[in-house]
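One letter stands for each residue in the lines below.
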Amino acid sequence: MNYKSLIFSIVLICTGTTSILADEYQRGYSSSRTCTRNEYREEYIPGTRKDPGYVKKWEETVEVPCPGSVSTKNNNEFDNNDCSEGKIAGGILGAGFATAISRGKDRWWAIPAGLVGGSMVGCQIDGG
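If you're wondering where the values come from, they're calculated on a predicted model, not measured in any experiment. (Residues numbered from 1 in each chain as written. Predicted model: local features only at pLDDT ≥ 70, side-chain atom pairs only at ≥ 80, totals over all residues. Heavy atoms only, no water.)

1. As for the overall build of the protein
Here comes step 1: From N to C terminus, the protein includes three helices and two strands.
Here comes step 2: Ordering the α and β elements of the protein from the N terminus gives α-β-β-α-α.
Here comes step 3: Restricting to contacts in the protein with at least 6 residues of sequence separation, those with at least 24 account for 47%.
Here comes step 4: Total accessible area on the protein is roughly 11,700 Å²; 57% of this is exposed by carbon and sulfur atoms. (Helix = DSSP H or I, 4+ residues; strand = E, 2+ residues; numbered from the N terminus. Contact = heavy atoms within 4.5 Å. Areas by Shrake-Rupley, 256 points an atom, 1.4 Å probe, with all protein chains shown as cover.)

Now the structure itself:
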């Protein structure tokens, strides 16, 4: 037997059968395991003078998370706060404030700085 056929046979055996991976978890496949617990319940039924109240008792089976199991819920949470109005209003107010308090040569950097700072503050106030 030559080496080419030996290597081909080994590759065919390793990739051709899935029984080797029988106990392995593969993404995309589901498995279910249900864990339950019996819970004791009571409910008071009020009564009258002639028909006194009583306590109704029962047990019910409740499904609970299994110990040691990892939750695989896919919670796609995203931030949908849009602060575009706050950015614009804050930027205008910030640039106006910087224009009002700056003099001479300082205006070339104070107005853009006021615009950026005001837009950040406006975005935070708007809920972003």
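2. Examining the pattern of salt bridges
Here comes step 1: As enumerated under the stated definition, the model contains three salt bridges in all.
Here comes step 2: Between Glu 39 and Arg 37 there is a salt bridge; the shortest N-O distance is 2.6 Å.
Here comes step 3: On the basis of relative accessible area, Glu 39 is assigned to the buried category, the value being 18%.
Here comes step 4: Across the pair Glu 60 and Arg 41 runs a salt bridge, and its minimum N-O distance is 3.3 Å. With Glu 60 in strand β2 (residues 54-64) and Arg 41 in strand β1 (residues 35-45), the pair connects residues that are 19 residues apart, well separated along the chain.
Here comes step 5: Counted as one network, the salt bridges with shared partners bring together Arg 37, Glu 39, Arg 41 and Glu 60. (Salt bridge = Lys/Arg side-chain N within 4 Å of Asp/Glu carboxyl O. Buried < 20%, exposed > 50% of the residue type's maximum accessible area, 1.4 Å probe, protein only.)

3. What to know about the packing of helix α2 (residues 84-101) against helix α3 (residues 107-126)
Here comes step 1: One way to put it is that α2 packs onto α3 with a least axis distance of 6 Å and a crossing angle of 145°. In this structure, α2 meets α3 at a crossing whose hand is right-handed. Contacts between α2 and α3 involve Ser 84, Glu 85, Gly 86, Lys 87, Gly 90, Gly 91, Gly 94, Ala 95, Ala 98 and Thr 99 from the first element and Arg 107, Ala 110, Ile 111, Gly 114, Leu 115, Gly 118, Ser 119, Gly 122, Cys 123 and Asp 126 from the second. (Axes fitted to C-alpha atoms, helices over the stretch in contact; angles between N-to-C directions. Left-handed = near helix turned anticlockwise from the far one by under 90°.)

4. Structural notes on the state of the cysteines
Here comes step 1: Inspection of the entire model under this criterion finds one disulfide.
Here comes step 2: Put simply, Cys 35 and Cys 66 are joined by a disulfide, and their sulfur atoms are 2.0 Å apart. Its S-S torsion of approximately 110° makes the covalent link between Cys 35 and Cys 66 right-handed. Taken together, the positions of Cys 35 in strand β1 and Cys 66 in the loop between β2 and α2 put the pair 31 residues apart, joining distant regions of the chain. (Disulfide = S-S within 2.5 Å.)

5. Some words on α3
Here comes step 1: Taking 1.5 Å per residue as the helical rise, α3 with its 20 residues ought to reach 28 Å, and the 27 Å between its terminal C-alpha atoms agrees with that figure.
Here comes step 2: Within the span of α3, buried status applies to Ala 110, Gly 114, Gly 118, Ser 119, Gly 122 and Cys 123.
Here comes step 3: Considering only its buried residues, α3 is in contact with α2.
Here comes step 4: Trailing α3 by a residue or two, Gly 127 shows a phi angle of about 110°, which is positive. (Expected span 1.5 Å × (residues − 1).)

6. A look at the side chain of Ser 102
Here comes step 1: Relative to the assigned elements, Ser 102 resides in the loop between α2 and α3.
Here comes step 2: Classification of Ser 102 by relative accessible area gives buried; the value is 5%.
Here comes step 3: At 2.7 Å, the side chain of Ser 102 and the backbone oxygen of Ala 98 are in polar contact.
Here comes step 4: In this view, Ser 102 contacts Arg 107 and Ala 110; residues no more than four positions away in its chain are not counted. (Polar contact = N/O pair within 3.5 Å; in protein donor to acceptor, adjacent residues only side chain to side chain.)

Without other data, these values stay purely geometric and don't point to any function.
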